[in-house]
Amino acid sequence: MKALWSYPIKPYKVNQAWGAYDDVYKQFGFSRHNGIDINLFNGQPIFTPFDGTCVRTGNQPNGGGIFLGIMSDPMEFSDGTYRVLADFLHCKELLITEGTKVKTGDKIALGDNTGFSTGPHCHTQWRRVSYWNEWVGDKLAWTNPDKNEANNSFDPTPYFTGFYACDINQVHDLQAQITEATEKTNWLVNIFKKLWKS
């Protein structure tokens, strides 16, 4: 499967982009913003952007607050096949538990302002994974092939499809309807061609 995913929050409004330099990050051991801050209101739903598994949950009162991490199914990047570990921080409530299998568009959490945060938003951080031991929670182990000043994360922006995860089921329904209509149209065209020849 090609590395593509949907926006996890609707509307998609970025408060701070990936990779920005700020001294505030040095207290966490890196110098560049290791994710994307997406604006939201307290209690706003967050949806999973891709198929995968919830591999970790927790609460970091002085950091990410209430958070969870979703490990994707394998995806094809230009330089190889990797999974993606996407974490969603500063949540109000988690709606799934470790080990839960999720599909694109599943509601996974409610946003808030927990942890080290100056206002309601969801800090999403994305890392490529070359090895995952298939465990979750305390037994979770994984290897990140990327090294950089943004805590070894990467910018997910080029891989967004332009669709919202919360709308993905409607998108699939429309695609199915278009396919069905196309098949019916082709069938009618073939009937008319046969009648014309006769």
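Let me begin by describing the structure that accompanies this report. Note that the coordinates shown come from a computational prediction; the quantities given were computed from them, not determined experimentally.

**Remarks on the overall build of the chain**
A tally of regular secondary structure across the chain gives one helix and 14 strands. Across its three principal directions, the C-alpha atoms of the chain cover 80 × 35 × 30 Å. For the chain, with 198 residues in total, the buried portion stands at 42%. Sequence-distant contacts, at least 24 apart, represent 67% of the contacts inside the chain between residues at least 6 apart. One way to put it: in the chain the 19 positive side-chain charges average out to a point 7 Å from where the 21 negative ones average out.

**Regarding the environment of Ala 3**
When you line up the elements, Ala 3 lands in the segment before strand S1 (5-7). Residue Ala 3 is classed as buried on the basis of its relative accessible area, which comes to 3%. A sequence separation of 50 residues divides Ala 3 from Thr 53, and the C-alpha atoms of the two residues are 16 Å apart. The residues contacting Ala 3, other than those within four sequence positions of it, are Met 75, Glu 76, Phe 77 and Tyr 159.

**A look at the pairing of strand S8 (residues 80-94)**
Examined bridge by bridge, strand S6 (residues 65-72) and S8 share five bridges and lie antiparallel to one another. The residue of S8 that forms the bridge with Gly 69 is Asp 87. As paired strands, strand S7 (residues 75-77) and S8 are joined by three bridges and run antiparallel to one another. Each residue of the ladder has a partner; that of Glu 76, found in S8, is Thr 81. From the end of S7 to the start of S8, which pair antiparallel, there are two residues. The sheet contact formed by S8 and strand S11 (residues 121-129) spans seven bridges and is antiparallel. Bridged to Asp 87 within S11 is Gln 125.

**Details of a nonpolar patch on the surface**
A contiguous nonpolar patch, built from Trp 187, Leu 188, Ile 191, Phe 192 and Leu 195 and spanning about 550 Å² of accessible area, is present on the exposed surface. Structurally, Trp 187 is set in helix H1 (residues 168-197).

**A look at the pattern of salt bridges**
The full count for this structure, using the stated rule, is nine salt bridges. We note a salt bridge from Arg 56 to Asp 87, for which the minimum N-O separation is 2.5 Å. Of the two residues, Arg 56 sits in strand S5 (residues 52-60) while Asp 87 sits in strand S8, which places them 31 residues apart along the sequence. The salt bridge partner of Asp 146 is Arg 128, with a shortest N-O separation of 3.0 Å. Residue Asp 146 is found in the loop between strand S13 (142-143) and strand S14 (160-164), and its partner Arg 128 is found in strand S11; the two are separated by 18 residues along the sequence. Across the pair, exposure class does not vary: Asp 146 and Arg 128 are buried alike.

**Things to note about the environment of Gln 44**
The residue Gln 44 is located in the loop between strand S3 (36-39) and strand S4 (45-47) in this model. Here the alpha-carbon distance between Gln 44 and Gly 111, two residues 67 residues apart in the chain, equals 5.2 Å. Dropping the residues within four chain positions of it, Gln 44 is found in contact with Ile 9, Lys 10, Pro 11, Ala 109, Leu 110 and Gly 111. Within the structure, the side chain of Gln 44 is placed 2.7 Å from the backbone oxygen of Lys 10, a separation counted as a polar contact.

What counts and how
- Residues numbered from 1 in each chain as written.
- Predicted model: local features only at pLDDT ≥ 70, side-chain atom pairs only at ≥ 80, totals over all residues.
- Heavy atoms only, no water.
- Helix = DSSP H or I, 4+ residues; strand = E, 2+ residues; numbered from the N terminus.
- Buried < 20%, exposed > 50% of the residue type's maximum accessible area, 1.4 Å probe, protein only.
- Contact = heavy atoms within 4.5 Å.
- Lys, Arg positive; Asp, Glu negative; His and termini not counted.
- Charge placed at Lys NZ, Arg CZ, Asp CG, Glu CD.
- Pairing = 2+ DSSP bridges.
- Patch = residues over 30% accessible without salt bridge, like charges linked within 9 Å, V, L, I, M, F, W, Y side chains within 5 Å.
- Areas by Shrake-Rupley, 256 points an atom, 1.4 Å probe, with all protein chains shown as cover.
- Salt bridge = Lys/Arg side-chain N within 4 Å of Asp/Glu carboxyl O.
- Polar contact = N/O pair within 3.5 Å; in protein donor to acceptor, adjacent residues only side chain to side chain.

Everything listed is a geometric property; what it means functionally is a separate question.
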